[in-house]
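# Notes for the structure review
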Amino acid sequence: MSTSDLTAALADFFSATWPPDAAAGECGPLSESPWNSFRGLDLHLVGIDEAAGGSGGTFADLMALAELAGYHAVDVPVVEATTAAWLLERAGLPIDGAASHSIPIGPTNLVVGDDGTVSGTLIDVPWGASVDLVVAVDDDGQTVLVASSDATTRPGVDLAGQPRDTLVLEDVRPRGVATGASAEQLRHRAAALRIAQTAGALQATADLTRRYAGERVQFGRPIGAFQAVQAHVVLLEQMAVMTTGLADRLAIEPELHPFDVVAAQVVSAENAVEACRAAHQAHGAIGMTREYRLHTLTRRLHTWSGDFGETIDLSARLGATASQAPSFAQMILDDTRPELAS
Amino acid sequence: MNLAPTKLTDEERNLQTEVRAFLDERLPPGTYPLGLGMAGDVDPDFSRDLAAQGWVGMALPTEYGGGGRTAVERQIVVEELLTRGAPIGFHWTADRQSGLNILHNGTEEQRRELLPGIARGEYSFAIGMSEPDAGSDLASLRSKAVREGNTWHVNGTKIWTSGAATATHILGLFRTSDDRHGGMTQFIIPAGTPGMRISPIPFIDGTQHFCEVVFDDLQLSDAARLGEVGAGWGQNTSELALERGGVDRWMSLMPILERWATTETVRDSAAAQIDLGRILARLWAYRGMSLSIARLVDAGRFPVVEAALVKEMATQFEQESLALVRRHYGRAPSLNSADPWEALLAQAILVAPSWTLRGGTTEILRSVISKGLVQR
Ligand SMILES: Cc1cc2nc3c(=O)[nH]c(=O)nc-3n(C[C@H](O)[C@H](O)[C@H](O)COP(=O)(O)OP(=O)(O)OC[C@H]3O[C@@H](n4cnc5c(N)ncnc54)[C@H](O)[C@@H]3O)c2cc1C
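None of the values given here were measured: they were computed from a predicted structure.

## A look at the packing of aromatic side chains
All names here are of chain B. Counted under the stated rule, the structure contains 15 aromatic pairs over all chains. One cation-aromatic arrangement involves Lys158 over Phe174; the distance from NZ or CZ to the ring centre is 5.2 Å. Taking the ring centre of Phe317 as reference, the NZ or CZ of Arg282 above it sits at 5.8 Å.

Shown next, in the form of structure tokens:
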């Protein structure tokens, strides 16, 4: 199945489960979400080999899934669950397809003691308190699998009103520990998926705004007839096309280059913020209300634009790299990627 | 709207390596005046040398002396030239658009006469569209070509014609009837044709590329007409699409960034590195988009809206980037500086507003994109 076949096949499911014109209410635990339907289609294991217990598909398929999830503002941990599964696969740990998984987005300090128990804190784990299992990379670079029921959880929410909980582990017996992907690799993979999700949400924001500008009448004309409003619509399309292009570029690579991911993260995060501003400006007051769809998208965009690295730190790394590189232009024009400064 | 991701093939990478090697040899730093992208210096010798490598008129068919190569291959060459601020002013317009316009719309005779000269880097074209009262609203142009038998009499004034003073040909758009869009026709006018007066209009940075061209009963045979009578508007619009799509629209600042990136100012400043990284990330993203557009052209498509979409935002970002570089520079650079880089920075500060005007203003491009969105 090609990536576009995959998304076409799933479009109906997504539209039915997360209707494109509905405004999201506040998000509860996973049990109150459509997680079971999502899992029922084995979408939580896309991009993992069937031999490893996954549902198959390429990384490009997974990126397309993330984009679709972003477009529909899906309120289940798509990026988190599929990244957790990938971490388990990389570490050779068994994947329980019936279980729900998440990963921490914020900083972790996790230590496996001599007695084999783990202690530490996992900050900002999406749906952390309501998933079955959480996968993280510890201070020694090992992949650690823990049950959330073994942790003390502190509830939190992100800007979109989705759970982002903190898990405190004290001498907890892990469900698995093995060497796998590095923390850096984990961040890059998750960041790439977040860019795809952001691209989807930007497309939805652009579509929604274009539609609204065609319908809302002021001074006897649809506001979209005014050049100043058209400029917002155009900007939204630009942000959506550009970010989608970034996601697509990452998706066709056999493996992710840190330089590409970080550059794409910087642009995607900035695009998201610009787009939110323009979308709200074009919508006027209606966009500021919870009863209308727009906030469902823009609140997610704001949340995601800081995930897996803040723009300022990422830009600093790119800039430090460029200041040491033999040619600035060649960093843009070549496929051989420089090592990123840390 | 979707721009499919693409990468360079091994063959295309080889071309890039070849071009870099040639330019290292032909244009060692310090031996030529640094230019800002397509506004690079006019140097007919360089244009001919480049052409001898097969890198001018690349997109023209081999039967007319061209390279028979792709838009992507042309982009690869262009990227290297712009990075170095190379003196491309002489052949630029002919290479980018006039040659293809003549190929598509010219007579067989015009093709045989003009295309080989373009591909050899010997012909330089200037585009005579704008007039004092016809800028964004090009259809309101008034310069006239009136037919008498086999002769056309041309009268009127063109303005802001880049490179007209050094061009060997001017490709002009003239009114041939009152029909607003259907009454315009293109003509190819060799330099030196009696009845044409070209006067440079000093540009804001003191250069003289910008010109006014006055036609006073200039006479042309019908063989100088490009395309059908009345077909000028359509030809001109397609040409603008070629003019907008490429990396030349956002690589003006490259020679400045290329050097700035490794200056001490940047090496020692965390704040400058953050700005540099941001610029790098965004240019990397635009590059991907331009490459996708070139692939669309090679697939026989005419990505007019996509080209406008990229040009509109990338030219504004160029200006923003320049403002950042300037802020970190810490003082106003001097046009007369002995340091060519500082002089180039000064020049860039003065000319940067033109980046969002030439080839269609930001406002006009937004209309193009906006209409394109409605049609999709
Ligand atoms: C460096 C440079 C090189 C050039 N080279 C050439 C050349 O080689 N040959 C040539 O023929 N021309 C050339 N031009 C001219 C160029 O094509 C025109 O400047 C451009 O088309 C804009 O026209 P204008 O300058 O008359 O501005 P105007 O059309 O007068 O516009 C002034 C302002 O009004 C805005 N505006 C106008 N109409 C609208 C509208 N309908 N909606 C919203 N806003 C609008 C514009 O966006 C702009 O902000 C060059 C210009 C520059 C700066």
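That was the structure; now back to the text.
## Regarding the site of the ligand
Near the ligand there are 16 residues, and of these Gln227(A), Ile127(B), Ser130(B), Ser136(B) and Glu363(B) occur at the shortest range. Taking Ser162(B), its side chain carries an N or O atom lying 2.8 Å from a nitrogen atom of the ligand. In isolation the ligand exposes 960 Å². Once the protein is present, 66% of that is buried. For the shell around the ligand, the residue count by class is 6 nonpolar, 8 polar and 2 charged. For the shell around the ligand, the two domains that each supply at least three residues are domain 2 (126-230) and domain 3 (245-375) of chain B.

## Remarks on empty space enclosed by the protein
Applying the stated criterion across every chain yields a total of 6 cavities of 30 Å³ or more. At the level of elements, α6 (227-251) of chain A together with α9 (270-298) of chain B are the ones that each hand at least two residues to the lining of the largest cavity. Of the residues forming the lining of the largest cavity, the biggest block, 4 residues, is contributed by α9(B). In terms of residue class, the lining of the largest cavity is built from 5 nonpolar, 2 polar and 8 charged. If you trace the second largest cavity, you find 15 residues lining it, with Gln265(A), Ser268(A), Trp304(A), Ser305(A) and Asp307(A) closest to the centre. Broken down by secondary-structure element, the contributors of at least two residues to the lining of the second largest cavity are α5 (183-215), α7 (258-283) and α9 (311-324) of chain A. Looking at the lining of the second largest cavity element by element, the count peaks at 4 residues for α5(A). Residues belonging to the lining of the second largest cavity are distributed by class as follows: 5 nonpolar, 7 polar and 3 charged.

## What to know about the interface of chain B and chain A
Contacts between chain B and chain A engage 44 residues on the former and 46 residues on the latter. Approximately 4,000 Å² of surface area, both sides summed, lies buried where chain B meets chain A, with 66% of it carried by carbon and sulfur atoms. On inspection of chain B and its partner chain A, the count reaches 6 salt bridges. Between Arg278(B) and Glu270(A) there is a salt bridge, and its shortest N-O distance comes to 2.3 Å. Linking chain B with chain A are 14 residue pairs in polar contact (both at pLDDT 80 or more), by the criterion used here. Contributions of two or more residues to the side of chain B that touches chain A are made by α1 (10-26), α3 (71-83), α7 (254-260), α8 (264-267), α9, α10 (304-329) and α12 (362-375) of chain B. Examining the composition of the side of chain B that touches chain A, we find that 16 residues originate from one element, α9(B), more than from any other. Each residue belonging to the side of chain B that touches chain A can be placed in one class, and the counts come to 22 nonpolar, 10 polar and 12 charged.

## A word on the nonpolar core
In terms of nonpolar packing, the biggest core is built from 184 residues, with Phe14(A), Phe38(A), Phe328(A) and Leu283(B) touching the most fellow members. Mapping this core onto the domain boundaries places at least three of its residues in each of domain 1 (10-123) and domain 3 (245-375) of chain B. In contact with Phe14(A), other than residues within four places in its own chain, are Pro19(A), Phe38(A), Leu43(A), Leu65(A), Leu68(A), Ala69(A), His72(A) and Val74(A). Counting residues in each nonpolar core, the second largest holds 17 residues, with Ala145(B), Trp152(B), Ala167(B) and Ala224(B) among its members.

Basis of the calculations
- Residues numbered from 1 in each chain as written.
- Chains lettered and ligands numbered in written order.
- Predicted model: local features only at pLDDT ≥ 70, side-chain atom pairs only at ≥ 80, totals over all residues.
- Heavy atoms only, no water.
- Phe/Tyr/Trp six-rings, centres within 6.5 Å; stacked < 30°, edge-to-face > 60°.
- Lys NZ or Arg CZ within 6 Å of the ring centre and 35° of its normal.
- Near = heavy atom within 4 Å.
- Polar contact = N/O pair within 3.5 Å; in protein donor to acceptor, adjacent residues only side chain to side chain.
- Areas by Shrake-Rupley, 256 points an atom, 1.4 Å probe, with all protein chains shown as cover.
- Nonpolar A, V, L, I, M, F, W, Y, C, P; charged D, E, K, R; others polar.
- Domains from an automatic or database assignment.
- 1 Å grid on protein atoms, 1.4 Å probe; cavity = no way out; pocket = protein on both sides within 12 Å on 5 of 7 lines; lining within 4 Å.
- Points joined across faces, edges and corners; volume = space filled by probe spheres on them.
- Helix = DSSP H or I, 4+ residues; strand = E, 2+ residues; numbered from the N terminus.
- Contact = heavy atoms within 4.5 Å.
- Buried area = accessible area lost by both parts, 1.4 Å probe.
- Salt bridge = Lys/Arg side-chain N within 4 Å of Asp/Glu carboxyl O.
- Core = buried A, V, L, I, M, F, W, Y, C linked by side-chain atoms within 4.5 Å.
- Buried < 20%, exposed > 50% of the residue type's maximum accessible area, 1.4 Å probe, protein only.

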